[in-house]
Amino acid sequence: MENKDRDIKTIHNEYMAEIISDGAESESVRIAIRRAREAYRKNLKNALENFPESVEYKEKARKIKEYSIDHLEELIEKTRKAVERNHGVFHLAKTAEEANEIIADITGEPKKIIVKGKSLTSEETELRQYLEAKGHEVWETDLGEFLVQLRKGRPMHMLAPSVDLTREEAAELISKVTGEDLPKDKIETSVEAVRRFLRNKFVNADVGIAGANAISADTGTLFIIENEGNIKLTASLPDKFVALVGVEKIVPTLEDALHMVKTTWRFANYNVPSYVHMISGPSKTGDIEKVTTYGAHGPREFHLVLLDNGRVELSKNNDFKEVLYCMKCGACMYECPVFWVTAGHFGKSYPGGIGALWDVFVAKGMKEGAPSVYSCAICDRCRVRCPLNIDTSKMIIKLRSILHKKGYSTRTVNEAEETFFKKIK
Amino acid sequence: MRVVLAGKVNLLHTNQTDVLESINSLLKKLDFEVVELDNEIVCGEASINLGLLDNIEKVFSEFKKNIYNLKADVVVSAYAAGVSKWKNDIPELLNMELGVPYIHLTQLIAEEFDKNKPDLKPFPHSYFVQHGCTLGRKMGQYNFIREILKLIPEIEVLEEQYPTAEIEGIDPAEFNSCPGSWLNFSQPELGDYVKENYVLEIVKPANPEYAGSTCANGHLGIRQGLEIAEIDDIKPLYFTQLLDGITEVK
């Protein structure tokens, strides 16, 4: 993904121009994030009051991730065997481009209707754009992601892609695509309009694509958390279902996967999500003579596309492998002082401080990912909020020394170096 | 006790001379022999935080030599990062120890107040205190400032609260918001918005008359934020300024 032709000054300048003009200077971003932060804290308090034992989930979740990342290649292989045993098709993509090509092959000839669930991994590979360029009609079906698609933007939060939009802005965007004059102050009418609009797409879709929150290597089962019901339709109505998932989501057992998703939803501020799907293969029936026959009411084909894209290498890097522990619950972002004024403009494919590390090591590379590493205020509050206790600011500081050696620092850091060490020189 | 004050250069560089003067004045009132460290080469902690590691061995060796030459009993600073770096990072990064205790001002003053119980005049005002990110979250030092402020008659101390802290068994200060001062070094254009937002979203709703951080860097963020947001009914007041104004000389 790294574009070696762009000079670092241009990369920094473009980033700063966007983060200031679209983020920091936007009053509506501050309002939307303030509302979201207040709602997040209120909901989290409610969830933790109802399920106080969740506080103890954190330690076990961290141990599961530590083990899983230390045994990543072994777990990938175990997952392959389980998926094939379940009559699914297993794919391992080394790069983002490879993942997109695999999915395009599965999808087949152009002009297919594809419904898609929210997935940061697919943002990393820019899958929707890739499939659209191949001539398919692709619809994001998560409401927040649908809004991202309408405004041709990118997700502004790991779980809430349109967290930077006010209800008024959302209504205006939806009105444009449905042709209705929606009231600006009523969230319910906006939600209803999208429901009506997308229903037809679900029914006629050829392929459904989603991500997953965890995969159990022993059974090859995907765990997908959702609230809207769009994944339920995406994963069951089309003939083909494809899951595009980063390899770091694999954990050893079904119980471990359940523990990880429980921790994810609780710290993503839910008492319990409306749906948690467990998908282990194509639909099947054994109702006639107990003979297992594939392709019942749900998809006839089930494909798991695991994406490496630098993750396996990162899992072997003791200074930075903690990056892969991130469950993408998005809790840290509600506490980040920079995110409060910028939303996901702090970051590129992945938002926030932890997102800066994902951008550098996975999605964008050192050079293109460098600017957001310098947006971190290194205040360490994300670590306190993170259920996995990920020490993002410590990794950011270490990464800055690597970036500086490569000449990717910001102008002011270079100036600071001149000033600081003048006396020594 | 001979106290070497580190961080002077940075206080001057950031136009916080009022803070520097208050530290000197207060420590003298408390009978400390104060020696200012005049020849600091660089803000060493900033070098590490910005990833400028090439020269730090030289910088910290020089710092150590200066401290040794000044025959300090203790080194103190209004900045938390230096204390933290010598405690946590430098032994690991450079296998180097300072050889003299290096503590934050809040610790020195809290211990002194506890020992000698100075006479403090009432301060009938509300004071919002931010627990500096490094001193708090990275070093766990929340109580020195609380012990100090508790001794002040008539003060109303305000701290940022966090709704789940009690359920999670975490000191609410662990969740203190950050005024964004470190961005001064890396992306200052962005830093101004973060500082402004901090005072608008966190300090102003608490409705204090005065506000300050335990750390001089956090304090800089608060005073710059107040200035950018054009808030003039909340005055920035570093805790040594507060104490210097109410501590009676025995």
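Bear in mind that the values here come from a model prediction, so they are computed numbers and not experimental data.

Chemist: Break down the overall build of chain A for me, with residues and values.
Modeler: Per the secondary structure count, chain A includes 19 helices and 12 strands. A globule of 425 residues ought to have a C-alpha radius of gyration of about 22 Å, and chain A, at 22 Å, matches this closely. With the C-alpha coordinates aligned to their principal axes, the bounding extent of chain A is approximately 85 × 55 × 50 Å. Every one of the 425 residues in chain A was classed for burial, and the buried ones make up 52%. The long-range share in chain A, meaning contacts at least 24 apart out of those at least 6 apart in sequence, stands at 73%.

Chemist: Can you break down the overall build of chain B residue by residue, with the values?
Modeler: Broken down by element type, chain B carries 13 helices and eight strands. Since a compact globule built from 250 residues should have a radius of gyration of about 18 Å, the 18 Å found for chain B is in line with a globular shape. When its C-alpha atoms are laid out on the principal axes, chain B stretches across 45 × 45 × 40 Å. Restricting the contact set of chain B to residue pairs at least 6 apart, pairs at least 24 apart contribute 77%.

Chemist: An account of the domain arrangement of chain A is needed here, citing residue identities and associated values.
Modeler: Residue and element names in this part refer to chain A. Looking at chain A, the domain boundaries give domain 1 (8-50 + 330-415) and domain 2 (56-61 + 71-165 + 206-312). Across the contact, 23 residues belong to domain 1 and 26 residues belong to domain 2. Put simply, the parts of the chain that give the side of domain 1 that touches domain 2 at least two residues each are helix H2 (27-50) and helix H15 (352-363). Among the elements that take part in the side of domain 1 that touches domain 2, H2 stands out by supplying 10 residues, more than any other. The residue makeup of the side of domain 1 that touches domain 2, split by class, is 17 nonpolar, six polar and no charged.

Chemist: Let's hear about the environment of Gly-135 of chain A: which residues, and what values?
Modeler: Relative to the elements of secondary structure, Gly-135 of chain A occurs in the loop between helix H7 (127-133) and strand S3 (137-140). Sequence-wise, Gly-135 of chain A and Leu-150 of chain A are 15 residues apart; in three dimensions their C-alpha atoms are separated by 18 Å.

Chemist: Describe the interface of chain B and chain A, and please don't skip the residues or the numbers.
Modeler: Tallying the contact residues gives 40 residues for chain B and 40 residues for chain A. Counting only elements with at least two residues in the side of chain B that touches chain A, the list comes to helix H3 (44-49), helix H7 (133-138), helix H9 (165-168), helix H10 (183-186) and helix H11 (188-206) of chain B. No other element matches the eight residues that H11 of chain B contributes to the side of chain B that touches chain A. Looking at side-chain class alone, the side of chain B that touches chain A contains 22 nonpolar, 11 polar and seven charged residues.

Chemist: So, the sheet that holds strand S3 (residues 74-77) of chain B: which residues are in play, and what are the values?
Modeler: Residue and element names in this part refer to chain B. Pairing within the open sheet is parallel, and its four strands lie in the order S2-S1-S3-S4. A single partner strand is all that each edge strand has here, and the edge strands are strand S2 (33-36) and strand S4 (102-104). Between one strand and the next, the sheet's axes are offset by a mean angle of 35°, whatever the strand orientation. Relative to S4, S3 runs parallel, the two being bridged by three bridges. If you follow Val-75 over to S4, its bridge partner there is Tyr-102. Helix H5 (residues 80-94) rests against strand S1 (2-6), S3 and S4 of the sheet, and its axis sits at about 145° to S4.

Chemist: Let's hear about the packing of helix H16 (residues 365-373) of chain A against helix H18 (residues 392-405) of chain A: which residues, and what values?
Modeler: Residue and element names in this part refer to chain A. Two elements in contact, H16 and H18, have axes separated by 11 Å at closest approach and are oriented at 130°. In this view, H16 runs oblique relative to H18, as classed from their interaxial angle. Considering how the two elements wind past one another, H16 and H18 form a crossing that is left-handed. Judged by residue contacts, Met-366, Ala-370 and Val-373 of H16 engage Ile-396, Leu-399, Arg-400 and Leu-403 from H18.

Chemist: A description of unusual backbone geometry should follow, citing residues and the corresponding values.
Modeler: Residues other than glycine seldom take positive phi values, yet Asn-309 of chain A does so here, at roughly 50°. Here Asn-309 of chain A is to be found in the loop between strand S12 (301-307) and helix H13 (311-315). Asn-309 of chain A gets classed as buried once you count the C-beta atoms within 10 Å, which come to 23. Located in the positive-phi region is Lys-117 of chain B, a residue other than glycine, with phi close to 40°. Among the structural elements, Lys-117 of chain B can be located in the loop between helix H6 (105-116) and strand S5 (126-130).

Chemist: Describe the nonpolar core, with residues and values.
Modeler: For soluble globular proteins, nonpolar side chains are generally found buried alongside one another. Residues Ala-243, Leu-244, Val-305, Leu-357, Val-373 and Ala-377 of chain A are the most contacted members of the largest nonpolar core, which totals 198 residues. Each residue touching Val-305 of chain A, except ones within four places of it in the same chain, is listed here: His-91, Ala-93, Ala-99, Ile-102, Ile-103, Val-242, Ala-243 and Leu-244 of chain A.

Chemist: Residue-level account of the domain arrangement of chain B, with values.
Modeler: Quite often, the size of an interface is put as the accessible area lost when its parts meet. Residue and element names in this part refer to chain B. Once the domains are mapped, chain B shows domain 1 (2-111) and domain 2 (116-246). For domain 1 and domain 2, the distance between their C-alpha centroids amounts to 21 Å. Taken together, the contact pairs 25 residues of domain 1 with 25 residues of domain 2. Listing elements by their share of the side of domain 1 that touches domain 2, those giving two or more residues are helix H2 (17-29), H3, H5 and H6. In terms of residue count, the dominant contributor to the side of domain 1 that touches domain 2 is H2 (six residues). Classifying every residue of the side of domain 1 that touches domain 2 by side-chain character gives 14 nonpolar, 10 polar and one charged.

Chemist: Provide a residue-level description of the sheet that holds strand S4 (residues 207-210) of chain A, including the pertinent values.
Modeler: Residue and element names in this part refer to chain A. The strand order across the open sheet formed by six strands is S1-S12-S7-S4-S2-S3, and the pairing between neighbours is parallel. The open sheet has two edge strands with one neighbour each: strand S1 (89-93) and S3. Within the sheet, the average angular offset between the axes of one strand and its neighbour, ignoring direction, is 20°. Pairing between strand S7 (residues 240-246) and S12: seven bridges, direction parallel. Bridge pairing links Ala-243 to Leu-304 in S12.

Chemist: Help me get a handle on H18 of chain A, residues and values and all.
Modeler: All names here are of chain A. Under the 1.5 Å per step criterion, the end-to-end length of H18 is 20 Å for 14 residues, consistent within 8% with the ideal 20 Å. Of all the positions in H18, only Thr-392, Ser-393, Met-395, Ile-396, Leu-399, Arg-400, Leu-403 and His-404 are classed as buried. Downstream of H18 by one or two residues, Gly-407 has phi in the positive range, about 85°.

Chemist: Lay out the packing of H6 of chain B against helix H8 (residues 143-150) of chain B in plain terms, naming residues and giving numbers.
Modeler: Residues and elements named next belong to chain B. One can describe the packing of H6 onto H8 by two numbers: an axis separation of 8 Å at closest approach and a directional angle of 45°. The angle between the axes of H6 and H8 places the two elements in the oblique class. The way H6 lies across H8 gives a crossing that is left-handed. Contacts between H6 and H8 involve Thr-106, Gln-107, Ile-109, Ala-110, Phe-113 and Asp-114 on the former and, on the latter, Phe-144, Ile-145, Glu-147 and Ile-148. Looking at the contact of H6 with H8, its residues break down into six nonpolar, two polar and two charged.

Chemist: Please provide a residue-by-residue account of the environment of Lys-64 of chain B, values included.
Modeler: Residues and elements named next belong to chain B. Looking at where Lys-64 falls in the secondary structure, it is placed in helix H4 (residues 56-69). Residue Lys-64 is classed as partly exposed on the basis of its C-beta count, with 18 C-beta atoms lying within 10 Å. Along the sequence, Lys-64 and Gly-99 sit 35 residues apart, while their C-alpha atoms lie 8.1 Å from each other.

Chemist: Describe in detail the confidence of the model for chain B, supporting the description with residues and values.
Modeler: Across chain B, the average pLDDT comes to 93, with 98% of residues at 70 or higher. Taken together, the chains of this predicted complex give a pTM of 0.94 and an interface ipTM of 0.95.

Chemist: Can you explain H8 of chain B? Please cite residues and give values.
Modeler: All names here are of chain B. If you check which residues of H8 are buried, you get Phe-144, Ile-145, Ile-148 and Leu-149. Projected down its long axis, H8 shows its buried positions confined to an angular sector of 125°, all on one face. Summarising the contacts, the buried residues of H8 are in contact with H6, S5, strand S6 (156-158) and helix H13 (239-246).

Criteria and thresholds
Residues numbered from 1 in each chain as written. Chains lettered and ligands numbered in written order. Predicted model: local features only at pLDDT ≥ 70, side-chain atom pairs only at ≥ 80, totals over all residues. Helix = DSSP H or I, 4+ residues; strand = E, 2+ residues; numbered from the N terminus. Rg over C-alpha atoms; globule rule 2.2 N^0.38 Å. Buried ≥ 20, exposed ≤ 12 C-beta atoms within 10 Å, placed from the backbone. Contact = placed C-beta atoms within 7 Å. Domains from an automatic or database assignment. Nonpolar A, V, L, I, M, F, W, Y, C, P; charged D, E, K, R; others polar. Pairing = 2+ DSSP bridges. Axes fitted to C-alpha atoms, helices over the stretch in contact; angles between N-to-C directions. Parallel < 35°, antiparallel > 145°, perpendicular 65-115°, else oblique. Left-handed = near helix turned anticlockwise from the far one by under 90°. Core = buried A, V, L, I, M, F, W, Y, C linked by C-beta atoms within 7 Å. Expected span 1.5 Å × (residues − 1). pLDDT = per-residue confidence, 0-100. Arc of directions from axis to C-beta.

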